[in-house]
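What follows is the residue order along each chain.
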Amino acid sequence: MSTYKTEGIIIRRSHFGESSLILNVYTKDFGKVEAVARSARKAKGKLKGHLELFLLSDFVFAYGKSIDKVANSFSLENYENIKNNLNISFGTYYILELTDRITENGYRNERMYYLFKETMKFLNSLATDNALKYYLTIIQYQINVMQLSGFFPEINKCVVCKEKIKLEENHFSFFHGGVIQKKCLCNDVSAIGIDNDVIKIMRLLKINKSNVDEYKNSIKDNIKIIEKLKVKKKIIFQLIKLINQFIENNIEKRINSVDFLMV
Ligand SMILES: [Zn+2]
């Protein structure tokens with residue numbers, strides 16, 4: 001049986017048959033892997049307990065004809081604090097679903113993997129009562145996952161006339177894919193009003209590094225920024241909604257767990 005080994009985190013877990021599971025795992029070396037774990041839900045199965053959500057694990061996969069199989073799994077870290085707080089759990093489900101929807105099977109992307117892993121780690125480390133940091137962590141993930149996926153809204157120049165955006169009255173055009181000035185609004189009547197803080201935070205948290213080590217350092221810098229940043233709840237919700245909508249339009253898929261985020 002030919003196998004491959006890698007580190008990863010389960011992003012989707014669904015029951016299959018009487019006692020098996022189908023998993024989507026986001027991995028360091030192979031991107032998203034879809035695999036079946038036979039008998040994983042049996043009380044005495046060797047994989048029992050190793051294939052839960054919120055675990056960082058080493059996986060051994062075996063190549064299969066139609067779908068690969070989980071041959072073995074050992075958990076390395078347990079992000080168990082996530083389970084203890086309802087809000088953080090909802091946020092993490094959103095991160096998992098977003099990662100699942102935005103990635104294709106088999107595309108390795110090391111920067112995306114580290115962004116995802118560090119985000120999970122940081123969410124796990126958050127104090128249960130810190131809603132602001134929790135929301136900002138989700139926003140910084142949305143911003144960078146979108147950037148790494150090859151689409152990002154234009155936030156520096158007006159999408160219609162290409163003039164540099166001044167922090168005056170601005171709107172956002174989903175149709176043109178970015179910020180639109182007031183004087184160009186007649187080009188998209190469906191554009192929505194946005195606060196300039198939305199633009200500023202997107203600029204602040206977006207990472208522009210192609211080198212993996214530099215990218216990792218930038219994630220750490222972003223986490224330091226999140227520790228200190230003060231943002232109004234109104235701006236937080238504008239950011240989450242706007243970016244989620246922009247992502248959904250680009251990938252042409254709905255991300256259902258967004259509905260539980262802003263309650
Ligand atoms: Zn313009």
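The numbering scheme is per chain: residues are counted from 1 as the chain's sequence reads. Restriction of local features to residues with pLDDT of at least 70 applies here, the model being predicted, together with a cutoff of 80 or more for giving and counting side-chain atom pairs; totals for whole chains, interfaces and linings are based on all residues. As a rule here, side-chain values cover all heavy atoms of the structure and leave hydrogens and water aside.

Enquirer: How should the overall build of the chain be read in this particular structure?
Expert: A run of H or I in DSSP becomes a helix once it reaches four residues, and a run of E becomes a strand once it reaches two; helices and strands are each numbered from the N terminus. Looking only at helices and strands, the chain has six helices and eight strands in total. Ordered by position from the N terminus, the helices and strands of the chain form the series β-β-β-β-β-α-α-α-β-β-β-α-α-α. We compute the radius of gyration from the C-alpha atoms alone; for a globule the expected value is 2.2 Å times N to the 0.38, where N is the number of residues. Against the compact-globule benchmark of 18 Å for 263 residues, the chain has a radius of gyration of 20 Å, which places it among compact chains. The principal-axis extents of the C-alpha atoms in the chain amount to approximately 65 × 40 × 35 Å. Burial status across the chain gives 51% buried among its 263 residues. Residues count as neighbours in contact if any of their non-hydrogen atoms are within 4.5 Å of one another. Of the contacts made within the chain by residues no fewer than 6 positions apart, 60% connect residues no fewer than 24 positions apart. In short, Shrake-Rupley with a 1.4 Å probe defines the accessible areas, and a residue's cover is counted only from the protein chains shown. Counting only carbon and sulfur atoms, one obtains 48% of the accessible surface of the chain, whose full area is about 13,000 Å². Of the side chains in the chain, 41 bear a positive and 29 a negative charge, and the two mean positions are spaced by 1 Å. Working definition: with a 1.4 Å probe on protein chains only, accessible area under 20% of the residue-type maximum means buried, over 50% means exposed, and in between means partly exposed. In summary, the charge assignment counts Lys and Arg as positive and Asp and Glu as negative, without counting His or the chain termini. To locate a charge, the coordinates of NZ of Lys, CZ of Arg, CG of Asp or CD of Glu are taken.

Enquirer: Before we go on, may I ask you to explain unusual backbone geometry in this structure?
Expert: Where the residue is not glycine, phi is negative for most of them; where a peptide bond is considered, it is trans in most cases. One non-glycine residue, Phe54, adopts positive backbone phi at about 65 degrees. Not every positive phi belongs to a glycine, and Glu252 is a case in point at roughly 55 degrees. If you trace the backbone, Glu252 turns up in the segment after α6 (233-251).

Enquirer: When you look at the nonpolar core in this model, what are you seeing that I'm missing?
Expert: Generally speaking, a soluble globular protein has its nonpolar side chains buried in company with each other. Here, nonpolar core means buried Ala, Val, Leu, Ile, Met, Phe, Trp, Tyr and Cys residues that are tied together by side-chain atoms lying within 4.5 Å of each other. Formed by 84 residues in total, the largest nonpolar core has its most connected members in Leu51, Val70, Phe116, Met202, Ile243 and Ile247. Composition of this core by domain shows at least three residues from each of domain 1 (1-78) and domain 2 (80-152 + 206-263). Aside from chain neighbours lying at most four places away, what touches Phe116 is Ile9, Ile11, Tyr26, Ile95, Leu96, Thr99 and Tyr141. What marks off one domain from the next here is an automatic or database domain assignment.

Enquirer: How should the coordination of the zinc ion be read in this particular structure?
Expert: Around a metal, the idealised angle for a tetrahedral arrangement of four donor atoms is 109.5 degrees; for an octahedral arrangement of six donor atoms it is 90 or 180 degrees. Around the zinc ion, the donor atoms from the protein are Cys158 (SG), Cys161 (SG), Gln181 (OE1) and Cys184 (SG), and they sit 2.2 to 2.7 Å away. Around the zinc ion sit four donor atoms, and with donor-metal-donor angles ranging over 80 to 124 degrees the site reads as irregular. In this description, a donor is an N, O or S atom within 2.8 Å of the metal centre, a cutoff extended to 3.2 Å for sodium, potassium and calcium. Water is not part of the atom list, which can make sites seem incomplete. In the primary sequence, the donor residues of the zinc ion line up as C-x2-C-x19-Q-x2-C. Of this pair, Cys158 sits in the loop between α3 (131-148) and β6 (170-173) while Gln181 sits in strand β7 (residues 178-181); the two residues are 23 residues apart in sequence, bridging distant segments of the chain. Take Cys158 and Gln181: they sit in the same class, and that class is buried. Four donors are marked tetrahedral only if all angles between them lie between 85 and 135 degrees, whereas four are marked square planar and six octahedral if opposite donors are more than 155 degrees apart and the other angles lie between 65 and 115; the remainder are marked irregular.

Enquirer: Quick question: what am I supposed to make of the domain arrangement of the chain here?
Expert: Interfaces are often sized by the amount of accessible area the parts lose when they come together. Domain assignment breaks the chain into domain 1 (1-78) and domain 2 (80-152 + 206-263). Inter-centroid distance (C-alpha atoms) of domain 1 to domain 2 is 23 Å. Between domain 1 and domain 2, the contact holds 20 residues from the first and 25 residues from the second. By convention, the term buried area covers the 1.4 Å-probe accessible surface removed from two parts as they join, with the contributions of both added. Approximately 2,000 Å² of surface area, both sides summed, lies buried where domain 1 meets domain 2, with 57% of it carried by carbon and sulfur atoms. Contact with domain 2 buries area across many residues of domain 1, yet Tyr26, Lys32 and Phe54 alone supply 39% of it, more than any other trio. What makes a salt bridge here is a side-chain nitrogen of Lys or Arg within 4 Å of a carboxyl oxygen of Asp or Glu, nothing more. A salt bridge links Lys117 to Glu7; the shortest N-O distance between them is 2.9 Å. Each polar contact in these results corresponds to two N or O atoms within 3.5 Å; when the atoms are within protein, one needs to be able to donate a hydrogen and the other to accept it, and residues that are neighboring in sequence are counted only if both atoms are side-chain atoms. Inspection of the region where domain 1 meets domain 2 yields eight residue pairs in polar contact (both at pLDDT 80 or more).

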